[in-house]
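Here are the chains, one letter per residue:
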Amino acid sequence: MLLQQILNGLTAGSVYALIALGYTMIYGILGLINFAQGEIYMAGAFATVLLLSAYKVNFFVAFLFGMGVAAVLGLILERLAFRPLRGSHPLVPLISAIGASIFLQSLALLLFGPADRAFPLQFEFAALDIAGVTVSTLQVAIFVTALFFMALLVVFVKYTKFGKAIMATALDQDTARLMGINVDRMIALTFLIGSALSGAAGIMMAIYYNTTYPRMGLLPGLKAFSAAVLGGVGNIPGAIVGGLLLGVAENLGAGYLSSGYKDAVAFAILIIVLLVRPKGLLGGRGH
Amino acid sequence: MLTLKSVHSYYGSLHVLKGVSLHVRAGEIVALLGANGAGKTTTLKTISGLLKPRTGQVEFQGEDISRLSAEAIVQRGIAHVPEGRRVFSTLTVAANLELGAFARRDHQAVKKDLQEIQERFPILRERARQPAGTLSGGEQQVLAMARALMARPKLLLLDEPSMGLAPRLVQQVFAIIRHLQATGTTILLIEQNARAALKVADRGYVMETGRISLDGTAAELMDHNEVKRAYLGKGYQEVWED
């Protein structure tokens, strides 16, 4: 039972971690919580589902397409909702983010309708038995894919020229410019990467729960925000650790208290962290 | 090489530079002296493009650079070591150096320069994998200067390189400045430590409330009563005289 809940938690948690990375990277570079992150997650899922239901394309092509749409949406958002407001009071872009979130949800409602859509492809997933615990190969696939994207991101940030430039921009914009780094481009690149990861998360959850709908990003978005705060917002390893911990905690809460408390656990953690250790488990920006 | 023609710069509505004109010739070390708030740092920021002059011109090698972005100005060959060193504290020493060469496309030469710089400043090789924030103040200053050199600048802008350093380290920083001049780098230097600055400089300017109030050769300025009184005061002399 315990192990079962932990494994379920890691699956959900790895997805929260992917979204949390978007929050944390954008916060790191702009000091802004992009509350439209959940809608980017939703957009990635819709793009993949719509493409697969309209055309016979390879699943992996559709997956990449969904990530691409999410990434482009992130870029548009940065350009229209955040760049014009740079340098204004920090609450202003925050309000803009909430506005963008509501706008995108409503737009999806208008375009796609409120109904749930099943995932157009049927996968055959086997149930694996690991030490008396049942795990589906789908869960394993989601967990492994999420870890793969996280590893990719960490390698990018730590070892590539542009990854280091993003970190430098997050730490000190003026000095980054003195190195010849185009700060606007680094911010756009951050939105692109963070949004692509959220898109991937959305697609995986659309498969896992076999449903896609306009408000699907709301709860995962808020939970991933809690995960980012738990790990230390602005901190990349923190987002990963926070996501996994949050996923496990809410599944333990669901298993041992009552499934009705599942969501409450995530937000209880958010409140406790903000009260007890507001900079999160691994500390703040620039890591 | 560098010419400022009656430059006016503002922070918002605050008029900081009120018609600054100065020039730096190739191969020179020029010291920019003055009290806090005189506009020295603002002058450097205006040259490197962090701040745009409202009126006036900044010319570098015959080109008007006053409307260029900071990124474009780095590519023209001006590197600016900002006040307070400003190393990227959580990135490694090696990453800081690599970022200094961000604007360059000649990757082979960058690698070679990195090796050369690590040979010249062995501490930067020993600490290569360490976060820059863990270095001492003096080491961070060396890193900040080395990072700027990675851009292969024609003109180096140094803002208070000796600030907050122990006297022994101050000497080390000035030794680096002399070495840079010997290898053909042109330098515009801001220093509180006017005596040390005038010792290495060829010429100097004194700023007061956003204007150039005096200029001359280093020797002339060193002898100038006003400069002595204002910046080489008795207490200063006792501390910094070597």
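Data block above holds the structure.
This is a predicted model, so every value here is computed, not measured. (Residues numbered from 1 in each chain as written. Chains lettered and ligands numbered in written order. Predicted model: local features only at pLDDT ≥ 70, side-chain atom pairs only at ≥ 80, totals over all residues. Heavy atoms only, no water.)

A. The arrangement of the overall build of chain A in detail. Within chain A one finds eleven helices and two strands. Starting at the N terminus, the α and β elements of chain A follow one another as α-α-α-α-β-β-α-α-α-α-α-α-α. Its C-alpha atoms give chain A a radius of gyration of 18 Å, within 12% of the compact-globule value 19 Å for 287 residues. Here the C-alpha coordinates of chain A stretch approximately 55 × 45 × 35 Å along the principal axes. Expressed as a percentage of its 287 residues, the buried residues of chain A come to 53%. Excluding contacts between residues fewer than 6 apart, the proportion of contacts in chain A whose partners are at least 24 apart in sequence is 77%. Total accessible area computed for chain A in this model is approximately 12300 Å², and 71% of it derives from carbon and sulfur atoms. Looking at charge distribution, chain A has the averaged site of its 16 positive side-chain charges lying 9 Å from that of its 10 negative ones. (Helix = DSSP H or I, 4+ residues; strand = E, 2+ residues; numbered from the N terminus. Rg over C-alpha atoms; globule rule 2.2 N^0.38 Å. Buried < 20%, exposed > 50% of the residue type's maximum accessible area, 1.4 Å probe, protein only. Contact = heavy atoms within 4.5 Å. Areas by Shrake-Rupley, 256 points an atom, 1.4 Å probe, with all protein chains shown as cover. Lys, Arg positive; Asp, Glu negative; His and termini not counted. Charge placed at Lys NZ, Arg CZ, Asp CG, Glu CD.)

B. Structural view of the nonpolar core. Among the nonpolar cores identified, the biggest contains 94 residues, and A:Leu18, A:Leu21, A:Phe63, A:Leu153, A:Ile181 and B:Leu99 are the most heavily contacted of them. Here this core takes 14 residues from helix 8 (residues 183-208) of chain A, the largest share from any one element. Non-local contacts of A:Ile181, meaning those with residues more than four positions away in its chain, are made with A:Ala165, A:Ala168, A:Thr169, A:Ala176, A:Met186, B:Glu71, B:Leu99 and B:Phe102. Grouped together as the second largest cluster of nonpolar side chains are 47 residues, B:Leu135, B:Ala148, B:Leu169 and B:Ile187 included. (Core = buried A, V, L, I, M, F, W, Y, C linked by side-chain atoms within 4.5 Å.)

C. Structural view of the pattern of salt bridges. Residues and elements named next belong to chain A. As enumerated under the stated definition, the model contains 18 salt bridges over all chains in all. Between Asp 184 and Arg 86 there is a salt bridge, with the nearest N and O atoms lying 2.5 Å from each other. Residue Asp 184 is found in helix 8, and its partner Arg 86 is found in the loop between helix 3 (59-82) and helix 4 (91-112); the two are separated by 98 residues along the sequence. The exposure class of Asp 184 is partly exposed, given its relative accessible area of 33%. With relative accessibility at 32%, the residue Arg 86 sits in the partly exposed group. Through salt bridges with shared partners, one network takes in Glu 78, Arg 83, Arg 86 and Asp 184. (Salt bridge = Lys/Arg side-chain N within 4 Å of Asp/Glu carboxyl O.)

D. The interface of chain B and chain A, seen in detail. Facing the 23 residues of chain B at the interface are 20 residues of chain A. Roughly 2000 Å² of surface becomes buried between chain B and chain A when both sides are summed, with 65% attributable to carbon and sulfur atoms. The largest share of the area that chain B buries against chain A comes from B:Glu71, B:Phe88 and B:Phe102, three residues that together contribute 35% of it. B:Arg86 is paired through a salt bridge with A:Asp172; the nearest N and O atoms lie 2.6 Å apart. Between chain B and chain A we count four residue pairs in polar contact (both at pLDDT 80 or more) in total. Among the elements of the structure, helix 2 (70-76) and helix 3 (93-100) of chain B are those that each provide at least two residues to the side of chain B that touches chain A. Here the side of chain B that touches chain A takes four residues from helix 3 of chain B, the largest share from any one element. Per-class residue counts for the side of chain B that touches chain A are ten nonpolar, seven polar and six charged. (Buried area = accessible area lost by both parts, 1.4 Å probe. Polar contact = N/O pair within 3.5 Å; in protein donor to acceptor, adjacent residues only side chain to side chain. Nonpolar A, V, L, I, M, F, W, Y, C, P; charged D, E, K, R; others polar.)

E. Fine view of the sheet that holds strand 3 (residues 29-34) of chain B. Residues and elements named next belong to chain B. On the basis of which strands lie adjacent, the open sheet formed by six strands has the order 6-7-8-3-9-10 and mixed pairing. Edge positions in the sheet fall to strand 6 (78-81) and strand 10 (211-217), since each of these pairs with one other strand and no more. Averaged over neighbouring strand pairs, the angle between their axes works out to 15° when direction is ignored. For strand 6 and strand 7 (residues 155-159), the ladder comprises four bridges, and the chain directions are parallel. (Pairing = 2+ DSSP bridges. Axes fitted to C-alpha atoms, helices over the stretch in contact; angles between N-to-C directions.)

F. Expanded view of a nonpolar patch on the surface. On the surface, A:Phe103, A:Leu107, A:Leu110 and A:Leu111 cluster together to form a nonpolar patch covering roughly 450 Å² of accessible area. By relative accessible area, which is 32% here, A:Leu107 ends up partly exposed. (Patch = residues over 30% accessible without salt bridge, like charges linked within 9 Å, V, L, I, M, F, W, Y side chains within 5 Å.)

G. Seen up close, the packing of helix 2 (residues 37-54) of chain A against helix 8 of chain A. All names here are of chain A. It is the contact of helix 2 with helix 8, at a shortest axis distance of 7 Å, that shows an interaxial angle of 60°. By the angle between their directions, the pair helix 2 and helix 8 is classed as oblique. Remark: the crossing between helix 2 and helix 8 carries right-handed chirality. On helix 8, the residues that touch Gln 37, Ile 40, Tyr 41, Gly 44, Ala 45 and Thr 48 of helix 2 are Gly 194, Ser 195, Ser 198, Gly 199, Ala 201, Gly 202, Ile 203, Met 205 and Ala 206. (Parallel < 35°, antiparallel > 145°, perpendicular 65-115°, else oblique. Left-handed = near helix turned anticlockwise from the far one by under 90°.)

H. Representation of helix 5 (residues 137-159) of chain A in the model. Residues and elements named next belong to chain A. With 23 residues, helix 5 should cover 33 Å at 1.5 Å per step; its first-to-last C-alpha distance of 32 Å lies within 8% of that length. Where helix 5 is concerned, the buried positions are Leu 138, Gln 139, Ile 142, Ala 146, Phe 149, Met 150, Leu 153 and Val 157. Next to the buried residues of helix 5 lie helix 1 (2-30), helix 3, strand 2 (133-136), helix 6 (161-171), helix 8 and helix 10 (236-256). (Expected span 1.5 Å × (residues − 1).)

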